[in-house]
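Letter by letter, the chains look like this.
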Amino acid sequence: MAGKPPTGDPVQDAPDVAAPQHAAAGLPAIAHTLRVAQKQMGVRRTALTLLKVNQKDGFDCPGCAWPEPDKRHAAEFCENGAKAVAEEATLRRVTPDFFAAHPVADLATRSGYWLGQQGRLTHPMYLAEGAAAYEPVTWERAFDLIAEELHALASPDEAVFYTSGRTSNEAAFLYQLFAREFGTNNLPDCSNMCHESSGSALTETIGVGKGSVLLEDLYRADLIIVAGQNPGTNHPRMLSALEKAKAGGTKIITVNPLPEAGMERFKNPQNARGLAGGGTPLTDLFLQIRLGGDQALFRTLGRLVLETEGALDTDFIREHTHGFEEYERTARAADWDETLRATGLRREEIEEALRMILASRRTVVCWAMGLTQHKHAVPTIKEVVNLLLLRGDIGRPGAGVCPVRGHSNVQGDRTMGIFERPSAAFLDALEKEFGFAPPREHGLDVVRAIRALRDGDAKVFFAMGGNFVAASPDTDVTEAAMRRARLTVHVSTKLNRSHVVTGARALILPTLGRTERDRQSSGDQFVTVEDSMGMVHASRGRLEPASPHLLSEPAIVCRLARRVLGTESTTPWEEFEADYATIRDRVSRVVPGFEDFNARVARPGGFTLPHAPRDERRFPTATGKANFTAAPVEYPKAPEGRLLLQTLRSHDQYNTTIYGLDDRYRGIKNGRRVVLVNPDDARTLGLADGTYADLVSEWTDGTERRAPGFRVVHYPTTPGCAAAYYPETNVLVPLDHTADTSNTPASKSLVIRLEQADPA
């Protein structure tokens, strides 16, 4: 019955396993979507809500950042987007009575799935020092408590202000403004854990840390390479774009250690072919690569292009690039034997990929965390850029780089200034507009923030959304670090693990969701978001708020700023809270590309941010040109008897939010503690299908990190490689195992051993 939360934490230790599927979506996706939505929202609310998702007059899906086409379907959402909406628009409620019945010690024993299924938070809640349970607190008292702790700090840099990628542009701009007026650049965000490697590599090579393509470029491409990404689960609406590209003649190469149903065949639930027919085969060439072998693959493809007469765009290289000669010397030395060892591929497969690249006049490369979460992630992405530069495939319609972002506004948050290493130009603009001197010293990213909390150098942790504890690496270290804080604060819509791993004192501040109407003193408000391709558009919720005690994220920031900064601040926080258009006016004068923000975002569909490499073939790098690079080829190695593990999502999951216990496309049902292992590797290790094992990661610090009790599933992974779901396996990721330059946790190349365990 809608509105009734589950009463017990389901048993997850005996998953059922069937053969993996070879097609995604279709009628099963529709049936599952409606079943989940109606269970959470009821029939009428489901219809009213889902028909407004991603519409020009509706609200932006709180799931992924995939862009919408100009002409939109009435059902412009995917299965996982519908689940995200259903969980936000649910009729279930977490009231003060719930917290009275569930002390923190009890909640700490519950799974993340169970916590999320309880429903929407309704009141600000406070956990006093030494208290057993959260109790309701007024908003005024909550802000007083935060101000008390912040004013007691020896330095503003003892505070950490974290941001999730669901935060709107308006809230993000206010949040960074408050943090910097308070005096710190400690603004870590979820980008630090996912696409920081993309930004680092692209900023150095093409001068803009974002993708260079629009949706129309995918439709015009001759070839799309999808590397280290599973659109079928993580960005399902991308499959529709790939289907449209295929209809126009585009070829697709998939590079992945796992075969993924969505990239094999897509049964589009929005057309007859997808519902009643066989769907559309998407992948023309599947390169089942060894974990972390992508840099070696792209380096060798570059070498082969160099060796092919007439394959280079010599005019583009001469006029628009720098460093070609050094790259050419390095690439021509690429060794076939090393490439085959690093990639696990056959030479014929790589040569077939070359033929497809040479036949393409316009190539797009898409990627996600399968490329960004390795120690050598930044040089890997630079190698992708090298290959495209050889062919002149950046700044050409139908070609370019396409890092596919996760959270719906994670890219917009960075654009708005959520960054621990802001540029001098951004800080100068902020100072000119608001009349205070923002701090210039770089702040803490996620990994460094955890170290600071662990070491007692940070004492207050404030999170604007997200589930920091579950999302972060080295779970035991992260949780111990959080418990050392004086105060932890989480602005949230639903319960999660971070609410039960607290500092000496803790606050939960409930906020409006994307689906809800936001009324302020000047009337109804809307917010804006930026998608994965730099499109900015409005988002307007329609539902009545889940509780009269909720505040919007902009209102929370404004009231907190007024309480903490006091009368010394000349920033018009009351004005910002009353009318979000006044925030956008200030953004238009601080952030390049947002000139005349209010007028442009009022147009249906919004507007496109400028991108110099795409729009002008201008590269704002230190050299003034696109930069070839020539880093040494690296790839992870596992000793004999060990495997390389990647952490990944199930299909019933979005980041750390667990919607259910099934992974339909991979054949997993009613369980998450599974490890996918190549059958030959499993037999060599003496692990029959269905046996149980502890996963133990091996790292240079000698610390044993163990994830116990995983069912072994014989699965067609790349030999030598395994896969398991996060956040259950985040405990295996050492805090110091990070990507060079970007400092992103290297969660996709963990050396592990499997120790047989008793199923009990």
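Below is a short write-up of the structure. (Residues numbered from 1 in each chain as written. Predicted model: local features only at pLDDT ≥ 70, side-chain atom pairs only at ≥ 80, totals over all residues. Heavy atoms only, no water.)

### Describing the overall build of the chain
A count of helical and extended segments in the chain gives 32 helices and 33 strands. The C-alpha radius of gyration computed for the chain amounts to 25 Å, which stays within 12% of the reference 27 Å derived for 760 residues, consistent with globular compactness. Principal-axis analysis of the C-alpha atoms gives the chain an extent of 70 × 60 × 55 Å. Across the 760 residues that make up the chain, the buried fraction comes to 65%. In the chain, the proportion of contacts linking residues at least 24 apart, taken out of those at least 6 apart, comes to 78%. Summing over all exposed atoms, the chain offers an accessible surface of approximately 26,400 Å²; the carbon and sulfur share of this is 51%. Distance between charge centroids for the chain: 4 Å, based on 88 positive and 97 negative side chains. (Helix = DSSP H or I, 4+ residues; strand = E, 2+ residues; numbered from the N terminus. Rg over C-alpha atoms; globule rule 2.2 N^0.38 Å. Buried < 20%, exposed > 50% of the residue type's maximum accessible area, 1.4 Å probe, protein only. Contact = heavy atoms within 4.5 Å. Areas by Shrake-Rupley, 256 points an atom, 1.4 Å probe, with all protein chains shown as cover. Lys, Arg positive; Asp, Glu negative; His and termini not counted. Charge placed at Lys NZ, Arg CZ, Asp CG, Glu CD.)

### Re helix α23 (residues 424–434)
An α-helical turn contains 3.6 residues, so any two residues separated by three or four positions project in the same direction. For α23, the full list of buried residues reads Phe426, Leu427, Ala429, Leu430, Glu433 and Phe434. One side of α23 holds all its buried residues, which, seen down the axis, span an arc of 160°. The exposed residues of α23 that point more than 90 degrees off its buried face are Ala425 and Lys432. Summarising the contacts, the buried residues of α23 are in contact with α8 (169–182), α28 (573–578) and α29 (580–590). Just downstream of α23, Gly435 is the residue with a positive phi angle, here 75°. (Arc of directions from axis to C-beta.)

### Some details on the environment of Ala14
Take Ala14: it is sitting in the segment before β1 (16–17). In this structure the C-alpha to C-alpha distance between Ala14 and Glu574, which are 560 residues apart in sequence, comes to 54 Å.

### A few points about the pattern of salt bridges
Using the criterion set out here, one finds 70 salt bridges in the structure. The partner of Arg347 in a salt bridge is Glu351, with the nearest N and O atoms 3.1 Å apart. In this pair, Arg347 and Glu351 both sit in helix α19 (residues 347–358), four residues apart, roughly one turn of the helix. Overall, Arg347 belongs to the partly exposed group, its relative accessible area being 39%. What you see here is one network of salt bridges that share partners, running through Arg642, Asp694, Glu698, Glu704, Arg706, Arg753 and Glu755. (Salt bridge = Lys/Arg side-chain N within 4 Å of Asp/Glu carboxyl O.)

### Looking at unusual backbone geometry
Among all residues save glycine, negative phi is the norm, and among peptide bonds the norm is trans. Tyr726 connects to Pro727 through a cis peptide bond whose omega is 10°. As for its placement among the helices and strands, Pro727 is situated in the loop between β32 (721–725) and β33 (750–757).

### Considerations on α29
The buried fraction of α29 amounts to eight of the eleven residues, a majority that puts the element mostly inside the structure. Residues of α29 that are buried include every one of Tyr580, Thr582, Ile583, Arg584, Arg586, Val587, Ser588 and Val590, and no others.

### Let's talk about the sheet that holds β32
The six strands lie next to each other as β25-β32-β29-β31-β30-β33, forming a closed barrel whose pairing is mixed. With direction set aside, neighbouring strand axes in the sheet form an average angle of 45°. (Pairing = 2+ DSSP bridges. Axes fitted to C-alpha atoms, helices over the stretch in contact; angles between N-to-C directions.)

### Topic: the sheet that holds strand β2 (residues 24–25)
Pairing between the strands of a sheet is mediated by backbone hydrogen bonds and can be parallel or antiparallel. Read across the sheet, three strands follow the order β2-β10-β11 without closing on themselves; strand pairing throughout is mixed. Of all strands in the sheet, those with a lone pairing partner are β2 and β11 (280–281), marking the two edges. Taken together, the two bridges between β2 and strand β10 (residues 265–267) define a ladder with parallel strand orientation. Within β10, the position partnered with Ala25 by the bridge is Lys267. The strands that helix α12 (residues 237–247) touches are β2, β10 and β11; relative to β10, the one it contacts most, it runs at about 105°.

### A word on the side chain of His376
Residue position: His376 is located in the loop between α20 (369–372) and α21 (377–390). Looking at His376, the relative accessible area reads 4%, which means it is buried. Excluding its chain neighbours within four sequence positions, the residues that come into contact with His376 are Gly292, Gln295, Glu634, Tyr635 and Pro636.

### Some details on the packing of aromatic side chains
Summed over the entire model, instances satisfying the criterion amount to 22 aromatic pairs. Taking the centre distance of 4.7 Å and the plane angle of 50° together, the rings of Phe461 and Phe468 count as tilted. As far as burial versus exposure is concerned, Phe461 and Phe468 are alike and both buried. Ring-pair connections join several aromatic residues into one group, and the members of that group are Phe161, Tyr175, Phe178, Phe182 and Phe462. Arg584 extends its terminal NZ or CZ atom over the ring of Phe526, reaching a point 4.0 Å from the ring centre. (Phe/Tyr/Trp six-rings, centres within 6.5 Å; stacked < 30°, edge-to-face > 60°. Lys NZ or Arg CZ within 6 Å of the ring centre and 35° of its normal.)

### A closer look at the nonpolar core
Ranked by size, the top nonpolar core spans 62 residues in total, and within it Ile146, Leu150, Phe161, Phe178, Phe462, Leu509 and Trp573 carry the most contacts. Dropping the residues within four chain positions of it, Leu150 is found in contact with Ala159, Phe161, Phe178, Phe182, Val460 and Val564. Membership of the second largest hydrophobic core comes to 46 residues, among which are Leu306, Met356, Val365 and Val385. (Core = buried A, V, L, I, M, F, W, Y, C linked by side-chain atoms within 4.5 Å.)

### Some remarks on the environment of Ile556
Relative to the assigned elements, Ile556 resides in helix α27 (residues 553–565). C-alpha separation for the pair Ile556 and Leu174, spaced 382 residues apart in sequence, amounts to 9.9 Å. Among residues more than four places away in sequence, those in contact with Ile556 are Trp139, Phe143, Val491, Leu509, Pro510, Thr511 and Leu551.

### With respect to the side chain of Thr502
Looking at the secondary structure, you find Thr502 in the loop between β17 (487–492) and β18 (505–510). Residues in contact with Thr502, not counting those within four places in the same chain, are Leu127, Tyr134, Met482, Arg483 and Thr488.

### Side note on the pairing of strand β22 (residues 535–539)
Most of β22 is tucked away, with four of its five residues classed as buried. Of the pairings in the sheet, the one linking strand β21 (residues 527–530) to β22 comprises four bridges and is antiparallel in character. Residue Glu530 lies in a different strand from β22, and its bridge partner there is Val536. Linking β21 back to β22 in an antiparallel pair, the connection comprises four residues, with Gly534 at a positive phi of about 80°.

### Quick word on the packing of helix α15 (residues 294–306) against helix α17 (residues 324–332)
Where α15 meets α17, the axes come as close as 9 Å, and the angle between the chain directions of the two elements is 105°. In this view, α15 runs roughly perpendicular relative to α17, as classed from their interaxial angle. Contacts between α15 and α17 involve Arg299, Gly302, Arg303 and Leu306 from the first element and Phe324, Tyr327, Glu328, Thr330, Ala331 and Arg332 from the second. (Parallel < 35°, antiparallel > 145°, perpendicular 65-115°, else oblique.)

### Let's talk about the packing of α15 against α19
Where α15 meets α19, the axes come as close as 10 Å, and the angle between the chain directions of the two elements is 60°. For the element pair α15 / α19, the angle class is oblique. Here α15 runs over α19; the crossing is right-handed. Between α15 and α19, the residues in contact are Leu297, Thr300, Leu301, Leu304 and Val305 and Ile350, Ala353, Leu354, Ile357 and Leu358, respectively. (Left-handed = near helix turned anticlockwise from the far one by under 90°.)

### Some details on a nonpolar patch on the surface
A surface patch of nonpolar side chains, about 300 Å² in accessible area, is lined by Leu27, Ile30, Leu34 and Leu275. At three residues, helix α1 (residues 27–41) tops the list of elements feeding residues into the nonpolar patch. (Patch = residues over 30% accessible without salt bridge, like charges linked within 9 Å, V, L, I, M, F, W, Y side chains within 5 Å.)

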